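So you can see what is in the structure, the chains are spelled out below.
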Amino acid sequence: MARLAAARRLSAEPAVVAELARPSDEPELRRLLRDNPMDGTIRLSLEREPDAFLAASVEGRPHATVVLRDTRSGRIVGMGSRAVMSVFVNGAPRRVGYLGQLRLERGARGRHLLIRGFERVRALRAAGEEPYDLTAIVADNARARRLLGAGLPGLPSYRPLSPFVTRVLPTWPAPRAVSGIEPAGPARLAEAAACLERNGPRFQMARRWTAADLASEERCRGLSASDVFLAFRGGRVAGCAALWDQRAFKQVVVRGYARPLARARPWINGLARILGTPRLPAPGAPLAQAYLSHLAVDGDDPVIFARLLLAVLAEGGRRGLAYVVAGFAESHPLLAVARRLRRAREYASLLHVVHWEEGRAAVEGLDGRVPHVEVALL
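Read on for an overview of the structure. Keep in mind that this is a model prediction, so the values were computed, not measured.

## Some details on empty space enclosed by the protein
For the coordinates displayed, the defined rule picks out 6 cavities of 30 Å³ or more. Computed from the structure, the largest cavity encloses a volume of approximately 230 Å³. Taken together, 24 residues line the largest cavity, and the ones lying closest to its centre are Leu 196, His 294, Leu 295, Ala 296 and His 372. Of the residues forming the lining of the largest cavity, the biggest block, 6 residues, is contributed by strand 13 (residues 289-297). Class assignment for the residues of the lining of the largest cavity results in 13 nonpolar, 7 polar and 4 charged.

Rendered as C-alpha cells:
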C-alpha cells in the first residue's frame, strides 16, 4: 500500500525540468518574485521591476537565472540565480559565485525540485572560479534554514560564515552639515577605487571595485560619480562610501506582517514619529530606500566612518529617501559605531558558504577575517 501511495504521488507531480531562463520568461520571473515573498515577521518581496534582467550586470558576470519549469503547462514554479563576482578571499582577488533569488511557488514545495535546480546551478561553475558559492538567508526564515541546512542527500552543504546585520536607517532627523566630506565626481573616482582596493583585502568576501567598475553604467547601474563620497585626513583620502539608489531596477516591497506585528503596527508607527525611528509601511508599499555601499575606511577609523555615514544620510534626506540601508557582519568593527550613531530597525541574516564535496577543502581553508559583503548586491 505504501508503494502504491508513493507511486500515485509521483504520477501526480508535474514533470519539472531545470533549465536556464529564456528572454520570454522575463514577465513570469517578475511575477514569481512578486507573489512569493520571503517568510518572516515582516514578509518582504525583492522585486525586479520593470525588467527582471536589468540587475544582472550589477550583480556579477557571468550571471545566470535557472528556472524550474512545469513541462505540462510551461509555467515556472521556481527560480534561482548565480552571479560571479570579483571578491577578496584570504586577502587575494578571487572569482566567487553568489546564489540569490531562490524562490519556489508555494504549491510547488519539495526537495526533489531543489535537487534539480541545484544540479543545474552546479553545472554553471567555470574554470577560474572558487569551488563554492556565497549566499545569505534571512534569520527568521526558519523553513529555508531548516531545509537547506539539514545536509539532505542531493543538496550542497550550507556552512555558516557569519551572522549579518542589515540596518534600516531613517534619514530623519536630518544630520547637521558634515565637514571634510566631498563628492568624488568623475575626476576622483580613481581615488575611491584605490581606497576600496587597499582596504578590501583586510576582509573576507569584500567586493573588488575598480575605477572602471565605478564609472560603468552596467556594473554600477543607477550610481553616478556624485553619489560617491570621499573623506579626508591630512589631505589624503581616508575613506569612501556611496549612496546607491537602485529603485529604478530593484525594489523591496512589504507584502505583509505576522499577526502580532500587524496589530501593533499603528502603535509602533505612532512611537516612530516621536522617536525618529523607521515606520512600518503599509502592505504593498515599496520602501523609499537606497543603500550605503562601496564602503571602505582606512584603519576602520570610527570618526571617518561616522562622517561618511552622516553625509550619506543627509544626501538621502535631500533626495526624498526615507531610509538608507547598511549591512555589516556582526563582528565588523564599524557596526557598533553605526548603532551608536543612530537608532534603526535591524534585520538578521546568516551568510553561508555553499559547497559540494569538491569544495570542502577550499572552504575549510578560509581564514578568520571578518566578512564584508556588499549589502546592495544581496
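## Notes on helix 9 (residues 302-318)
End to end, helix 9 covers 24 Å across 17 residues, agreeing with the expected 24 Å (1.5 Å per residue, within 8%). Among the residues of helix 9, Ile 304, Phe 305, Ala 306, Leu 308, Leu 309, Ala 311, Val 312, Leu 313, Ala 314, Glu 315 and Gly 316 are the ones counted as buried. Measuring from the backbone nitrogen of Val 303 back to the side-chain oxygen at the start of helix 9 gives 2.8 Å, which picks out Asp 301 as the cap. Positioned one or two residues after helix 9, Gly 320 has a phi angle of 85 degrees, which is positive.

## Focus: helix 8 (residues 259-275)
When the terminal C-alpha atoms of helix 8 are compared, their 24 Å separation across 17 residues agrees well with the 24 Å that a helix rising 1.5 Å per residue should span. At Arg 265, helix 8 shows its largest kink, close to 50 degrees, and the proline Pro 266 lies no more than four residues downstream. Those residues of helix 8 that sit buried are Leu 261, Asn 269 and Ala 272. Contact partners of the buried residues in helix 8: strand 2 (42-47) and strand 12 (251-257).

## Digging into the pattern of salt bridges
Close approach of charged atoms allows side chains with opposite charge to pair. With the rule as written, the count across this model stands at 36 salt bridges. Among the salt bridges present, the one from Arg 188 reaches Glu 191, with a minimum N-O distance of 2.7 Å. Where Arg 219 meets Asp 213, a salt bridge forms, and the shortest distance between an N and an O atom there is 3.3 Å. A cluster of three or more residues bridged by salt bridges with shared partners is formed by Glu 26, Glu 28, Arg 30, Arg 31, Arg 34, Asp 35, Glu 49, Arg 75 and Glu 105.

## Side note on the pairing of strand 6 (residues 129-138)
Counting buried positions over the 10 residues of strand 6 gives 7, a clear majority of the element. Bridge analysis of strand 5 (residues 92-104) against strand 6 gives 3 bridges, and the strand direction is parallel. Paired with Tyr 98 across the two strands is Leu 134, which belongs to strand 6. Looking at chain direction, strand 6 and strand 15 (residues 345-355) are connected through 6 bridges and run antiparallel. Of the residues in strand 15, the one forming a bridge with Ala 136 is Leu 351.

Rules used in this analysis
Residues numbered from 1 in each chain as written. Predicted model: local features only at pLDDT ≥ 70, side-chain atom pairs only at ≥ 80, totals over all residues. Heavy atoms only, no water. 1 Å grid on protein atoms, 1.4 Å probe; cavity = no way out; pocket = protein on both sides within 12 Å on 5 of 7 lines; lining within 4 Å. Points joined across faces, edges and corners; volume = space filled by probe spheres on them. Helix = DSSP H or I, 4+ residues; strand = E, 2+ residues; numbered from the N terminus. Nonpolar A, V, L, I, M, F, W, Y, C, P; charged D, E, K, R; others polar. Expected span 1.5 Å × (residues − 1). Buried < 20%, exposed > 50% of the residue type's maximum accessible area, 1.4 Å probe, protein only. Polar contact = N/O pair within 3.5 Å; in protein donor to acceptor, adjacent residues only side chain to side chain. Bend = angle between axes of the 7 residues up to and from the residue. Contact = heavy atoms within 4.5 Å. Salt bridge = Lys/Arg side-chain N within 4 Å of Asp/Glu carboxyl O. Pairing = 2+ DSSP bridges.

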